[in-house]
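The residues making up each chain are set out below.
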Amino acid sequence: MSQQPKKDNPSIEPVMSIGDALHEAVGSRLDSLVELMEQLDRAGDNPSDRDVHHVRVATRRAGTAIAAFAGCLRRGRVKKMNRRLRRIRRAAGNVRRCDVLMDLYKERRGGLAGGDAAALDYAVEGLERERETALEGIAKACRGKARKKLARVGKRLLRNAPVDEAGDITTAGEVAEREIPRLFNAMRATSATDLGVYDNLHELRIEGKRLRYAIEIFRDCFDEADVERAHGLIVGIQDRLGVINDMHDAMDWLEQSWRRAASESLPTPIVSSGETGGAATLHDGLASLAVRFRSERDAARTSFIRWWGTIAEPELSTAVSKLLGDGPNGRGDIAGGIEPVVVVDGAAASHEYHGAVQGLRA
């Protein structure tokens, strides 16, 4: 079974020098990533979804650590490392997306009939082919030569670091008290955009991940109870955003499958005369299910926006302020001035929904 490396969350004490903290935070996470890549490589042609997920998360954790100490690293080396991390993350993400969608479709398959059942079978068959291609990509990204190259780039990144003591900041605690407010304010700023637009909601999810991983990096710089409270809230927010993301991807793949089925000129009807229930054809089933997932996504999105504005954001703001207030220097100053969340307009959402239906059936 896949296991996370023990060194993935090293202790970063608040009094640690910025140089020592940099090497501990960045170096340990890059080492963990290389170890997880080797673990995935050993799994052969069909790594588990857990192996893939761990590699993907490790790239984000390493990227967050690098961003926290970016002022102490040479810019060109940071860019080079970030390009490599992004390449690995995308390769892992391609496999992960297939795994999540196949599980979701198979879960929904029970009880379906006619074109609806045929539609999910067709979508899963396409995902299985897609996954084969994606597996080639992650295998290439994690094989021995790629791992050695990543390790070399990592050593070069940390060589002679820190190149700058980041101005007046000299300790890990000071870095933590700069990074946590910065990342939380970035999350709040994104939430002030129109979250009825899916790309903005997705960006909020990414900003939340960055804040979560930064809190994990600097957890020993703050009170343990405050860390657990803030971290737990972010995990809950991530879970709800993850459901919306899954519904969006499920809808998107069904729409792609509908277009692919149309281009393949599959015979219709594809449902035997003895079957009852569900859509009459595979094409209708794909269109119907895409609309269904779109509806679920939009309902979950509207619910999240209201929950975020009235409950989650105020609670997280209080938790992060408490975290900073009890931190090394007792500073709970989070910059304000963020505009309220824009709640999605019901009429606009309805127009988008019905327009999508007509577009699929045209």
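Above this text is the structure in question.
Residues numbered from 1 in each chain as written. Predicted model: local features only at pLDDT ≥ 70, side-chain atom pairs only at ≥ 80, totals over all residues. Heavy atoms only, no water.

Caption draft 1: How the structure looks around the packing of aromatic side chains. The full count for this structure, using the stated rule, is 4 aromatic pairs. Centre to centre, the rings of Phe 69 and Phe 218 are 6.1 Å apart; their planes meet at 45°, and the pair counts as tilted. Linking Phe 69 in the loop between helix H2 (49-68) and helix H3 (75-109) with Phe 218 in the loop between helix H7 (198-217) and helix H8 (224-264), this pair joins segments that are 149 residues apart in sequence. In this pair, the class of Phe 69 matches that of Phe 218, namely buried. Between the aromatic rings of Tyr 105 and Phe 293, the centroid separation amounts to 6.0 Å while the plane-to-plane angle is 65°, which identifies the pairing as edge-to-face. Note that Tyr 105 is positioned in helix H3 and Phe 293 in helix H9 (residues 282-325), a separation of 188 residues in sequence. Overall, the relative accessible area of 2% leaves Phe 293 in the buried class. (Phe/Tyr/Trp six-rings, centres within 6.5 Å; stacked < 30°, edge-to-face > 60°. Helix = DSSP H or I, 4+ residues; strand = E, 2+ residues; numbered from the N terminus. Buried < 20%, exposed > 50% of the residue type's maximum accessible area, 1.4 Å probe, protein only.)

Caption draft 2: Structural detail: H3. The end-to-end C-alpha distance of H3 is 50 Å, a good match for the 51 Å that 35 residues give at a rise of 1.5 Å each. Looking at the residues trailing H3, positive phi occurs at Gly 111, about 90°. (Expected span 1.5 Å × (residues − 1).)

Caption draft 3: Summary view of the packing of H2 against H3. One way to put it is that H2 packs onto H3 with a least axis distance of 8 Å and a crossing angle of 150°. Every pair of crossing elements has a handedness; the one defined by H2 and H3 is left-handed. Counting all contacts with H2, which are made through Asp 49, Val 52, His 53, Val 55, Arg 56, Thr 59, Arg 60, Ala 62, Gly 63 and Ile 66, the residues of H3 involved are Val 78, Met 81, Asn 82, Leu 85, Ile 88, Arg 89, Ala 92, Gly 93, Val 95, Arg 96, Asp 99 and Asp 103. Among the residues forming the contact of H2 with H3, the class breakdown is 10 nonpolar, 5 polar and 7 charged. (Axes fitted to C-alpha atoms, helices over the stretch in contact; angles between N-to-C directions. Left-handed = near helix turned anticlockwise from the far one by under 90°. Contact = heavy atoms within 4.5 Å. Nonpolar A, V, L, I, M, F, W, Y, C, P; charged D, E, K, R; others polar.)

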